[in-house]
Amino acid sequence: MMAGSTLRKVKSKSWKKQRHFRLLEDGLTIWYKSRWAGRGHSTFSVTEVEAVREGHQSEVLLSVAEEFPADVCFTLVFHGRQGNLDLVTETPEEAKAWIRGVRKLIHKAQTMDEKERLDQWVWDWFQRADKNKDGKMNFKEVRTLLKMMNVDMDEEHALHLFTMADKSESGSLEIEQFVHFYKMLTQRDEVWKVFQDYAEDGEKLMLNELENFLSIEQHEGEQSSQHARELIDRYEPSGSAKKQSAMSLDGFQIYLCSLEGSVFKPEHRELHQDMSQPLCHYFISSSHNTYLLEDQLRGQSSLEAYIQALKRGCRCVEVDCWDGSDGEPVVYHGHTWTSKILFRDVVSTLKEYAFKASDFPVILSLENHCGVEQQTLMAQHLTQILGDTLLSAPLDGQLPQQLPSPQELRGKILLKAKKISDPGDCVDETPTDEVSDEEEMANDDAESPSTEDPPPAECKSKSKLSRDLSDLVVYCKSVHFHGFEHARAHAQCYEMSSFSESKAKRLAKDAGTDFVQYNARHLSRIYPGGLRTDSSNYNPQEMWNVGNQIVALNFQTAGLEMDLNDGLFGQNGGCGYVLKPDFMRDGSTRFGPEKPGERRGYRPLRLSIQVISGQQLPKVNQKEGSIVDPLVRVEIYGVPQDQAKEETSHINNNGFNPVWNETLNFVVHAPELALVRFEVEDYDKASRNDFIGQLTLPFACIQAGYRHIHLLSKDGTAIPPSSLFVNVSISET
């Protein structure tokens, strides 16, 4: 890989171009260029690559399968929403070498500890700044480097640090001296101050001093003595300090920057919730129009979109099916220019990827626009391709009084669709259950209360459903919603309705408590309004506030709404199911989002966040001279009374180590439902601030004490070592 290879980069049947690829000396960066591009080249880091697929395992490589055999093809899959890189080698041996090599490097990158990660980061900077590639860095190169790193430092101070690091007085720094320079540059006074408060000799924390710190500042109580020993073992780099059961400033800083020192409780990242309650007692990570990678009008329909959603822990995917011209049902956004994919290929993709990120059940939400004949073919594909994975009969042969649990349904795919009822019953004329916002507004009689629709007086027509497809629907039978009263009197637990965002919002506002009670017994699915042709999203929090489980979002669209979704489902092992608070699981609950105080166990909490400093924030503008002016905003998303935001002032020209020392205060009335979002922005007085990074997490997952917030990009991927250093306290009001 270091010697380099000429590989074909493939984008489509007609776009196949040769590029020269090689691994750089840092063992982590892959560099490539075309032979004709002059000096232009591209690079990416192995840390951005999630997996390597061998052979024809992407739509692009499948389309050229006749031209290139599987043993010379492979695909690099990236984290986040970045597209795949499909490559073809000259020989099978070369393909094997690259596949093995990249996998090895991914493994190495994933298993680095904090210190190795930091060393790698420093090495990366050295490589970037050593413009003439002589393995040394003169002061001019160092000044350029500081700008690249987002540091605006006066020349005198920079020269002072440079001279201190240049032990050989040669006027340039080699890598070891550069590491020393970098250490002085990143010395963190604010961490040193906290360390000094507890280290009597100012040099190291003895075991009992570290215990005191954990007990008083990190709120660890009883377990602090055991934990102190573990932290020294895990994070202290100095052998002599370890022998004395002590922790140096270096060890202390490494601990604070680790996952254990992060704002997210490590035990909540693991699967820790009770998974044996009925399905309707969980929020379920859900995608809308899962087949789209872009917008709803011209976007590309793709199997890759299903793979991406499923690997993010999504547990409810949508399939829009239409009659195909050659008798095979196709999936696309009907009556638009979006491209088409085969239904059977979607089912095969589900079979392969449904349970890679989580083994809890996947709900296949079917928007069925097909005639009876192709519906029957759909039923055949589902049963033949999925086999036992498809749940096609009740678990114990009996129709239940309540829905089964995620635990009981592990490894199963459930079909959500309309179902032919008993003889004599009738089904809505259409086999689909979504209506557009416009139709919905027209259907809403202005005189009738918005929470109740009159039950249908008589059947318009008999079903247009295939019996074979209908029989596969067990626990997720789609029915029209006729109001809460009607549901209380007549609805079965396995019947569920879909609501457009506007209808759900109205019900939440006018009859919040009724909606919460309804969702304690039934599943509900919410979908974006028909006017969102750009695949934008609505705020899911408003829907979770009334207990809606399947709040379907356009996963392909990054932004605040998907940050909230990732924030809620980042807990519980990322399994795609989060247990609702107990006051939302009780069918006779009095809780409503408008009046959070009217419930058993009401206990508002005070959240106080001292925003201390930021570390190595990414540049927003890649121009060499530009440096960010960062500010931190903390936002609470929850019941209406909890919606709040506070922000710090901005710091001029320092994205490297800005210090704020400002405290932001909140009172949270329904902490069990609240999400907290930390966002860093680049202040601009003339226009909108630019996004720098964010982290969103459930209030219930926050660790109090001195913590680091490891920031994510707009796309939800990690951007190490960018972070915020905060001191969090949570108390009763």
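Scoring rules and cut-offs
- Residues numbered from 1 in each chain as written.
- Predicted model: local features only at pLDDT ≥ 70, side-chain atom pairs only at ≥ 80, totals over all residues.
- Heavy atoms only, no water.
- Helix = DSSP H or I, 4+ residues; strand = E, 2+ residues; numbered from the N terminus.
- Rg over C-alpha atoms; globule rule 2.2 N^0.38 Å.
- Buried < 20%, exposed > 50% of the residue type's maximum accessible area, 1.4 Å probe, protein only.
- Contact = heavy atoms within 4.5 Å.
- Lys, Arg positive; Asp, Glu negative; His and termini not counted.
- Charge placed at Lys NZ, Arg CZ, Asp CG, Glu CD.
- Core = buried A, V, L, I, M, F, W, Y, C linked by side-chain atoms within 4.5 Å.
- Pairing = 2+ DSSP bridges.
- Axes fitted to C-alpha atoms, helices over the stretch in contact; angles between N-to-C directions.
- Parallel < 35°, antiparallel > 145°, perpendicular 65-115°, else oblique.
- Left-handed = near helix turned anticlockwise from the far one by under 90°.
- Nonpolar A, V, L, I, M, F, W, Y, C, P; charged D, E, K, R; others polar.
- UniProt positions renumbered as here; feature names shortened; annotations may be inferred.
- Polar contact = N/O pair within 3.5 Å; in protein donor to acceptor, adjacent residues only side chain to side chain.
- Disulfide = S-S within 2.5 Å.

As annotated in an unreviewed UniProt entry, the protein chain is Phosphoinositide phospholipase C from Cyclopterus lumpus.

Along the protein chain, the regular secondary structure elements total 22 helices and 30 strands. Computed over C-alpha atoms, the radius of gyration of the protein chain comes to 28 Å, within 12% of the 27 Å expected from 2.2 N^0.38 for 733 residues, which places it in the range of a compact globule. Burial status across the protein chain gives 53% buried among its 733 residues. Within the protein chain, counting contacts between residues at least 6 apart in sequence, those at least 24 apart form 68% of the total. Once the 81 positive and 111 negative side-chain charges of the protein chain are each reduced to a mean point, those two points are 4 Å apart.

What tends to happen in soluble globular proteins is that the nonpolar side chains get buried as a cluster. Counting residues in hydrophobic clusters, the biggest one holds 67 residues, and the most contacted among them are V319, V331, F343, L366, L382, L415 and F515. Setting aside its immediate chain neighbours within four residues, L415 contacts L364, L366, L382, L469, L472, V473 and C476. Within the second largest apolar cluster, 32 residues are counted, among which are W660, F666, A674 and F678.

This part takes up the pairing of strand 30 (residues 718-732). In this sheet, strand 30 lies alongside strand 23 (residues 605-615) in antiparallel orientation, the contact comprising 10 bridges. Within the sheet, the bridge partner assigned to R606 lies in strand 30 and is S731. Pairing analysis gives seven bridges linking strand 29 (residues 705-712) to strand 30, with the strands arranged antiparallel. Following the sheet pairing, Y706 is matched in strand 30 by N727. Counting the residues that bridge the hairpin from strand 29 to strand 30 gives five residues, and of these G716 lies at a positive phi of roughly 85°.

Of note, the bond from P720 into P721 is cis; its omega dihedral lies within 30 degrees of zero at 0°. When you line up the elements, P721 lands in strand 30. We note that H335 has phi near 60°; this positive angle belongs to a residue other than glycine. The backbone of S535 shows a phi angle near 65°, a positive value even though the residue is not glycine.

Next up on the list: the packing of helix 3 (residues 114-129) against helix 4 (residues 139-148). Relative orientation of the contacting elements helix 3 and helix 4 amounts to 120°, with a least axis distance of 9 Å. In terms of axis orientation, helix 3 runs oblique to helix 4. Regarding helix 3 and helix 4, the two cross each other, and that crossing is right-handed. Taken together, the residues of helix 4 that come into contact with helix 3 (itself represented by W125, R128 and A129) are E141, L145 and M148. Its residues assigned to classes, the contact of helix 3 with helix 4 comprises four nonpolar, no polar and two charged.

This next bit is on the UniProt feature "binding site: Ca(2+) 3" (unreviewed entry) in the protein chain. With numbering matched to this structure, UniProt assigns "binding site: Ca(2+) 3" (unreviewed entry) to N289, E318, D320 and E367. Across 79 residues of sequence, these annotated residues stay compact in space, with a maximum C-alpha separation of 9.5 Å. Turning to its location among the elements, N289 is positioned in the loop between strand 12 (282-287) and helix 13 (303-311). Overall, the relative accessible area of 1% leaves N289 in the buried class. For N289, the contacting residues outside a window of four places in its chain are Q296, E318, D320, H333 and N554. You can see E367 is positioned in strand 16 (residues 362-368).

This part covers the sheet that holds strand 1 (residues 5-10). Two orientations exist for strands paired in a sheet by backbone hydrogen bonds: parallel and antiparallel. Read from one edge of the open sheet, seven strands run 4-3-2-1-7-6-5, paired in antiparallel fashion. With partners counted over all chains shown, the strands left at the sheet margins are strand 4 (42-45) and strand 5 (49-54), one partner each. For this sheet, the mean angle separating the axes of adjacent strands, direction not counted, is 35°. Across the sheet, helix 2 (residues 92-110) lies against strand 1, strand 2 (16-23), strand 3 (29-33), strand 5 and strand 6 (73-78), angled at about 155° from strand 5, the strand it touches most.

All right, on to the UniProt feature "binding site: substrate" (unreviewed entry) in the protein chain then. Feature annotation in UniProt places "binding site: substrate" (unreviewed entry) on K416, K418, S498 and R525, given in this structure's numbering. Across 110 residues, the annotated set stays spatially compact, with a maximum C-alpha separation of 13.8 Å. When you line up the elements, K418 lands in the loop between strand 17 (413-417) and helix 16 (437-443). Among the residues examined, K418 registers a relative accessible area of 8% and is labelled buried. Counting through the fold element by element, S498 comes out in strand 19 (residues 495-500). Relative accessible area serves as the criterion here: at 14%, S498 is assigned to the buried category. A distance of 3.4 Å separates polar atoms of two side chains, one belonging to S498 and the other to R525.

Right, let's get into the state of the cysteines. Taken as a whole and assessed by the stated rule, the structure comprises zero disulfides. For C280, which is in no disulfide, the shortest distance to another cysteine sulfur is to C493 and amounts to 7.6 Å. In this structure C701 is not part of a disulfide, and its nearest cysteine sulfur, from C575, lies 12 Å away. With relative accessibility at 0%, the residue C701 sits in the buried group.

Where helix 4 contacts helix 5 (residues 155-165), the axes come no closer than 11 Å and their chain directions differ by 120°. Put simply, helix 4 runs oblique to helix 5. You can see that helix 4 and helix 5 cross each other, and the crossing is right-handed. For the pair helix 4 and helix 5, contact is made by F139, V142, R143 and L146 and by E155, A158, L159 and F162, respectively. In terms of residue class, the contact of helix 4 with helix 5 is built from six nonpolar, no polar and two charged.

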